[in-house]
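So the chains spell out like this:
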Amino acid sequence: MFRAIFFLAIAPVALLVFAEPIHAGPKVDWEKINPSLKGATSSSSITGCLDCHEDYIKSFARTKHALYFKKTLGKSLVQSCEDCHGPTGTHAAEPDFDKKQSTTVSFKTITPQQKSQICLQCHEKQITLHWKGSVHEMANVSCDKCHYVMARKSKRQLSINEDSKKACFTCHADKRARMLRSAHMPLREGKMSCASCHNPHGSLAPNLLKAETTNQTCYICHQEKRGPMLWEHAPVREDCNNCHDSHGSNHLSMLKWKPPYLCQACHSNAGHPDSLNDGSGLPAFGGAGTFIVGKSCLNCHSRIHGSNHPSGARFMR
Ligand code: HEC
Ligand code: HEC
Ligand code: HEC
Ligand code: HEC
Ligand code: HEC
Ligand code: HEC
Ligand code: HEC
Ligand code: HEC
Ligand code: HEC
Ligand code: HEC
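Residues numbered from 1 in each chain as written. Chains lettered and ligands numbered in written order. Predicted model: local features only at pLDDT ≥ 70, side-chain atom pairs only at ≥ 80, totals over all residues. Heavy atoms only, no water.

Visitor: Would you mind going over the site of ligand 9 with me for this structure?
Guide: H233, C263, C266, H267 and R314 are the nearest of the 14 residues found near ligand 9. Between a nitrogen atom of ligand 9 and a side-chain N or O atom of H233, the distance comes to 2.8 Å. A distance of 2.7 Å separates a nitrogen atom of ligand 9 from a polar side-chain atom of H267. Going through the elements one at a time, α12 (234–238) and α13 (261–264) are the ones with two or more residues in the shell around ligand 9. (Near = heavy atom within 4 Å. Polar contact = N/O pair within 3.5 Å; in protein donor to acceptor, adjacent residues only side chain to side chain. Helix = DSSP H or I, 4+ residues; strand = E, 2+ residues; numbered from the N terminus.)

Visitor: Explain the environment of R226 to me, please; I cannot follow it from the model alone.
Guide: Along the chain, the position of R226 falls in the loop between α11 (214–219) and α12. Note on R226: relative accessible area 40%, which makes it partly exposed. Taking the C-alpha atoms as reference, R226 lies 9.9 Å from G306; in sequence the two are 80 residues apart. Excluding residues that lie within four positions of it along the chain, R226 makes contacts with Q216, Y219 and R237. (Buried < 20%, exposed > 50% of the residue type's maximum accessible area, 1.4 Å probe, protein only. Contact = heavy atoms within 4.5 Å.)

Visitor: Explanation requested: the coordination of the iron atom of ligand 6 in the structure shown.
Guide: Ideal coordination angles are 109.5 degrees for a metal with four donors arranged tetrahedrally and 90 or 180 degrees for a metal with six donors arranged octahedrally. The coordination sphere of the iron atom of ligand 6 contains the protein donors H136 (NE2) and H172 (NE2), at a distance range of 2.0 Å. Taken together, the six donor atoms coordinating the iron atom of ligand 6 and their angles of 89 to 179 degrees define a geometry best described as octahedral. Placement of the pair is H136 in helix α8 (residues 135–138) and H172 in the loop between α9 (165–171) and α10 (173–179), with a sequence separation of 36 residues. H172 sits in the partly exposed class, given a relative accessible area of 38%. (Donors = N, O, S within 2.8 Å, 3.2 Å for Na, K, Ca; no water. Tetrahedral: all angles 85-135°; square planar, octahedral: opposite > 155°, others 65-115°.)

Visitor: What is the right way to read the site of ligand 7 from this model?
Guide: Not every one of the 16 residues close to ligand 7 is listed here, only the nearest: M185, C218, C221, H222 and S253. When grouped by side-chain class, the residues that make up the shell around ligand 7 number nine nonpolar, seven polar and no charged. (Nonpolar A, V, L, I, M, F, W, Y, C, P; charged D, E, K, R; others polar.)

Visitor: What's the story with the pattern of salt bridges in this structure? I'm lost.
Guide: Note on pairing: side chains with opposite charge can pair once their charged atoms come close. Using the criterion set out here, one finds nine salt bridges in the structure. Among the salt bridges present, the one from K75 reaches D83, with a minimum N-O distance of 2.5 Å. Under the relative-accessibility criterion, K75 is labelled partly exposed at 23%. For the salt bridge of E124 with K132, the shortest nitrogen-to-oxygen distance reads 3.2 Å. For K132, a relative accessible area of 41% puts it in the partly exposed group. (Salt bridge = Lys/Arg side-chain N within 4 Å of Asp/Glu carboxyl O.)

Right, here's the structure in full:
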């Protein structure tokens, strides 16, 4: 009963609050960023600006920001500029062309934290909620390293590139190399992106992962590996990356090492005749060693992620 009341009465309100894009975030102190803006007033019209900034104004007018600000918030174009660049009255009135730049908040001169603070006025929520204190923020990465807001350079998300991975590769070149290895998830085919597993804006999990742990992240798409299984293989429940390299590898199924080496990193010969070199102790169908070539240990232990078969304790069925 109470639940029903919640969903009927409270949930729509809650949804509205979450769907509301403009959020009264921390305001920016423009004067602190640029003291020459002291006492600056807002400009009333964009007309005068066109003389010098026509290109930027036209390209900006086609972005999601401009469209949303105009349609939904009823803001004029010049008011929009001022959301990110501060009041422009002093700038417009400045007669000396050479002093024009010093009378605005220019993204060429402010610090990475100041840049992000400007965006966070409206965006410190949902996907960017954990930006503050995130690895990227601490490493002086700012929003404009991945987003471009003055023109539409991509169909979605104001990305600096249609292919959002390219922004990541400017700093994480090693990951591009790994993605090019023979076994990989379909990133280079464009069916996934780095953001399928990571939230580059910060997260509560280690490694900027989208879900709480590595495994929870993998289960987003590989639900069938979630279990619980009747017979669990301990390293699978612990961390998929005990055996896989999420960014790509040159072994079958993105394995870190080739079996039997992979398995023998944890399993000794004791209790099981799994000697790598002669295979003499393995059941003698087809002669020594036959079963550790090809799929190796997996020839017999094929249910390596766990088994639901009553006699699957050895992951053979
Ligand atoms: C959503 C925030 C935002 C809004 C709104 C905005 N700008 Fe910008 N502007 C930026 C950022 C960020 C940059 C830096 C772009 C870059 O080079 O990465 C920039 C750069 C510029 C530049 C300099 C480009 C260069 O590098 O030479 C001009 C000029 C400019 N903006 C004018 C305007 C005008 C005029 C408006 C209003 C029509 C406006 N901006 C609205 C964020 C904004
Ligand atoms: C007489 C020419 C002129 C006029 C008119 C003018 N500006 Fe500028 N503006 C400049 C110059 C020059 C710069 C510094 C060079 C640059 O960054 O592109 C500049 C820089 C800016 C920047 C900072 C861009 C950045 O990130 O470096 C913004 C924002 C801006 N102007 C907005 C406006 C707005 C809004 C108006 C109208 C109210 C306006 N300007 C009118 C010449 C002008
Ligand atoms: C005045 C408030 C405001 C400021 C400041 C602002 N944004 Fe936005 N931003 C919005 C709104 C409103 C939307 C569109 C509504 C939505 O999708 O939530 C939006 C959408 C976006 C999107 C998604 C676009 C898409 O195609 O889905 C990105 C990315 C973005 N903003 C980045 C930035 C960056 C980077 C900055 C700083 C340079 C910035 N924003 C500054 C209000 C703002
Ligand atoms: C390291 C690169 C990177 C940085 C830095 C970055 N973003 Fe993003 N941003 C992305 C990617 C990638 C996406 C697409 C995410 C997805 O598809 O799930 C995105 C998406 C967004 C969206 C759209 C979310 C939606 O629901 O559609 C907004 C808004 C946004 N970013 C704002 C910001 C703001 C504000 C900052 C700075 C505080 C910032 N971003 C910094 C890479 C970045
Ligand atoms: C299938 C999920 C997945 C995808 C897609 C993915 N990652 Fe990761 N990433 C992980 C996991 C899981 C970790 C945790 C570290 C580990 O155990 O390897 C990680 C760790 C990282 C790290 C920190 C540790 C290290 O190895 O340096 C960086 C940087 C990173 N990823 C960047 C990227 C970039 C860039 C892309 C896009 C090309 C990407 N990742 C795509 C899952 C993924
Ligand atoms: C401007 C450079 C830059 C860009 C662009 C960038 N990163 Fe990073 N990233 C860093 C730096 C610096 C670190 C700090 C890690 C370090 O010390 O090596 C980092 C760390 C990470 C980590 C590891 C976090 C941890 O907890 O250790 C992940 C994951 C990551 N980035 C993913 C991404 C993804 C995904 C993208 C693209 C959407 C991206 N990065 C774009 C510079 C960048
Ligand atoms: C956004 C969805 C998504 C997420 C999250 C994801 N995967 Fe995948 N994964 C895929 C897709 C799609 C394929 C390709 C499947 C196919 O080709 O049939 C794949 C394939 C694989 C393969 C087989 C690769 C090969 O070469 O045969 C492995 C192993 C794998 N994923 C492991 C992981 C691990 C480990 C994680 C967590 C770190 C993870 N996946 C997270 C979508 C995802
Ligand atoms: C003990 C090592 C090990 C661990 C831990 C492990 N895997 Fe695997 N995984 C393998 C092996 C070996 C293969 C190749 C199986 C084959 O070819 O029969 C494989 C294949 C895969 C494949 C592709 C074939 C298929 O079964 O769909 C996916 C997807 C996959 N693993 C996902 C995961 C996920 C998700 C996790 C974490 C929940 C995980 N793996 C943990 C060893 C492991
Ligand atoms: C990261 C370490 C690790 C790796 C790698 C690993 N295992 Fe395991 N495996 C374990 C642990 C721990 C157990 C549970 C042992 C126990 O319960 O006594 C286990 C259990 C098993 C069992 C069930 C036997 C029993 O005693 O319950 C089989 C069969 C098995 N592993 C085969 C493999 C094969 C085949 C591979 C390679 C594809 C492999 N394992 C890779 C750690 C690992
Ligand atoms: C020809 C099939 C076959 C191959 C190949 C094979 N195994 Fe086994 N394995 C078995 C059988 C059968 C058992 C069950 C033995 C028992 O129950 O006493 C077993 C049991 C195990 C056990 C459990 C041992 C115990 O203490 O009960 C582990 C661990 C194991 N195998 C790992 C491996 C590894 C690692 C490889 C690859 C080097 C491998 N196996 C290759 C058939 C095979």
